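Structural description and commentary
What follows is each chain in one-letter form.
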Amino acid sequence: MTATSDSTPEIRTITVAHSPDSDDAFMFYGLATNKLETDGLKFEHTLKDIQSLNEDAKNGVFDVTAISFHAYAYVADKYALLPHGASIGDKYGPIVVAKEQRSADEIGKMKIAVPGELTSAFLALRIYEPNFEYIVVPFDEIIEAVQKGDADAGLLIHEGQLFYHQMGLYKVLDLGEWWHERTGLPLPMGGNVIRRELGEDLMKQVSRHLHRSIVYSMDNREDALAYAMQFARDMQPELADRFVAMWVNDLTLDYGDRGREAVRLLLKEGFEKGIIPHKVDVDFVD
């Protein structure tokens, strides 16, 4: 008797979007290179810069997407947070830098180049000092903007945090250090979210596979790093390794109570200071 096509299991495609940054690429290595069995799910990857991903999330474009926690405030009705995959800095975070030594007390008097209004770095800086002049500059051009004098200071995310001093710049404020001193908590930057429309069972299934991908990458660090390096904007391998070590850590595997509390507090303070216009229900897929 001939088998009918009905016996072929249906492949369900899950669209996944993340940034080309080495830490994101590292996390998704296991899935992106088909190293893992995924139970009839096919993961289709799209790479975009975080600002574009934040905007796409507002329109519910992808099933799973990396997102800034600040942007999550505006898409919490469409997306739930996955319990893993976050970039969270414990006692370190985005850094405000300037061409000469300046005090953090002067931030309110500076024009600051920032990487985007929906970034968590921008939210944290406005919680620190609500009033400052700013210009939005692509994150990888901020150092140049400060050097050229287009801005008095720059808010650095990504690998610029590791080499700004080699470019003749000085630290004004490390937002992760400040946040930890004030709250005792790590500073959450970005996480992965999943569309609620997928339904609870599928959300949990996808979550399981994404967690396995992070574990696989950590267990196969050298190979995962080599894969991530192809997206690393000419970064030297040792710099990419340091960057990945900063942002793929135990809190990436699981937020834990401290990580979850940090996300809630960041968004709560954003609301209380009038930066976010509404209270945010922070909801994790468990």
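Rules used in this analysis
- Residues numbered from 1 in each chain as written.
- Predicted model: local features only at pLDDT ≥ 70, side-chain atom pairs only at ≥ 80, totals over all residues.
- Heavy atoms only, no water.
- Core = buried A, V, L, I, M, F, W, Y, C linked by side-chain atoms within 4.5 Å.
- Buried < 20%, exposed > 50% of the residue type's maximum accessible area, 1.4 Å probe, protein only.
- Contact = heavy atoms within 4.5 Å.
- Pairing = 2+ DSSP bridges.
- Helix = DSSP H or I, 4+ residues; strand = E, 2+ residues; numbered from the N terminus.
- Axes fitted to C-alpha atoms, helices over the stretch in contact; angles between N-to-C directions.
- Parallel < 35°, antiparallel > 145°, perpendicular 65-115°, else oblique.
- Nonpolar A, V, L, I, M, F, W, Y, C, P; charged D, E, K, R; others polar.
- Arc of directions from axis to C-beta.
- Salt bridge = Lys/Arg side-chain N within 4 Å of Asp/Glu carboxyl O.
- pLDDT = per-residue confidence, 0-100.
- Phe/Tyr/Trp six-rings, centres within 6.5 Å; stacked < 30°, edge-to-face > 60°.
- Lys NZ or Arg CZ within 6 Å of the ring centre and 35° of its normal.

1. Here's the deal with the nonpolar core
Counting 59 residues, the largest nonpolar core has Tyr-72, Leu-81, Ile-112 and Leu-267 as its most contacted members. Residue contacts for Ile-112: discarding those within four places in its chain leaves Ile-107, Leu-125, Phe-132, Glu-133, Tyr-134, Ile-135, Ala-151, Ala-153, Gly-154 and Leu-155.

2. Some thoughts on the sheet that holds strand 7 (residues 111-114)
Reading across the sheet, the five strands line up as 8-7-9-6-10 and stay open at both edges, with mixed pairing between neighbours. Looking at strand neighbours, the two that pair on one side only are strand 8 (133-136) and strand 10 (170-174), the edges of this open sheet. Neighbour-to-neighbour, the strand axes of this sheet turn through a mean angle of 30 degrees, independent of strand direction. By the bridge criterion, four bridges tie strand 6 (residues 95-98) to strand 9 (residues 153-156) in an arrangement that is antiparallel. When the sheet's bridge partners are listed, Val-96 is paired in strand 9 with Leu-155. Each of strand 6, strand 7, strand 8, strand 9 and strand 10 touches helix 5 (residues 120-128); the most contacted strand, strand 9, lies at about 125 degrees to it. On the sheet, helix 8 (residues 175-183) packs against strand 9 and strand 10 and is oriented at approximately 35 degrees with respect to strand 10.

3. What to know about the packing of helix 8 against helix 13 (residues 256-272)
Two elements in contact, helix 8 and helix 13, have axes whose closest approach is 13 Å; the angle formed by their N-to-C orientations is 100 degrees. What the angle tells us is that helix 8 and helix 13 run roughly perpendicular. Residues Trp-179, His-180, Arg-182 and Thr-183 of helix 8 lie in contact with helix 13, whose contacting residues are Arg-258, Ala-262, Leu-265, Leu-266 and Glu-269. Its residues assigned to classes, the contact of helix 8 with helix 13 comprises four nonpolar, two polar and three charged.

4. Structural notes on helix 11 (residues 237-247)
Regarding helix 11, the residues found buried are Leu-239, Ala-240, Phe-243, Val-244, Met-246 and Trp-247. One face of helix 11 carries all of its buried residues, which in axial projection span an arc of 155 degrees. Where helix 11 is buried, its residues touch helix 1 (22-27), strand 5 (87-89), helix 7 (160-163), strand 11 (187-195), helix 10 (221-229) and helix 12 (250-253).

5. With respect to the pattern of salt bridges
By the definition in use, this model includes 16 salt bridges. With a closest N to O distance of 2.7 Å, Asp-56 and Lys-48 form a salt bridge. Two residues, Glu-55 and Lys-58, come together in a salt bridge whose shortest N-O distance is 3.9 Å. A residue pair is termed a helical-turn pair when its members lie 3 or 4 positions apart in one helix, as Glu-55 and Lys-58 do in helix 3 (residues 50-58) at three residues.

6. So, the confidence of the model for the chain
Here the chain averages 92 in pLDDT, while 96% of its residues score no lower than 70. Mean pLDDT values over the elements of the chain span from 80, in helix 7, up to 98, in strand 8. A low-confidence stretch, residues 1-5 (pLDDT under 50), is modelled with zero contacts involving residues beyond four sequence positions or located in other chains.

7. Some words on the packing of aromatic side chains
The description of an aromatic ring pair rests on the distance of the ring centres and on the angle between the ring planes. All told, the structure shown has ten aromatic pairs when counted by the stated rule. Centroid distance Tyr-255 to Phe-284: 4.9 Å. Interplanar angle 75 degrees. Geometry classified as edge-to-face. Taken together, the residues span a long stretch of sequence, with Tyr-255 in the loop between helix 12 and helix 13 and Phe-284 in the segment after helix 13 at a distance of 29 residues. For the residue pair Tyr-255 and Phe-284, the accessibility class agrees, reading buried in each case. Every member of this aromatic cluster is reached through a ring pair, and the members are Tyr-29, Tyr-216 and Tyr-227. Stacked on the ring of Tyr-74, the Lys or Arg Lys-58 has its end atom at 5.9 Å from the ring centre. In this arrangement the basic side chain of Arg-260 is found over the ring face of Phe-284, its NZ or CZ atom lying 4.3 Å from the centre.

8. Digging into the environment of Gly-270
In this structure, Gly-270 sits in helix 13. For the pair Gly-270 and Thr-252, spaced 18 residues apart in sequence, the C-alpha to C-alpha distance is 23 Å. In this structure Gly-270 touches Leu-123, Ile-127, Ile-275 and Ile-276, once residues within four positions along its chain are discounted.

9. Let's talk about unusual backbone geometry
Apart from glycine, the bulk of residues carry a negative phi angle, and the bulk of peptide bonds sit in the trans form. Positive phi, normally seen in glycine, also occurs at Asp-39, with a value near 50 degrees. Mapped onto the elements, Asp-39 comes out in the loop between helix 2 (29-32) and strand 2 (41-47). Despite not being glycine, Lys-91 has its phi angle at roughly 75 degrees, a positive value. Examined against the element boundaries, Lys-91 turns out to sit in the loop between strand 5 and strand 6.

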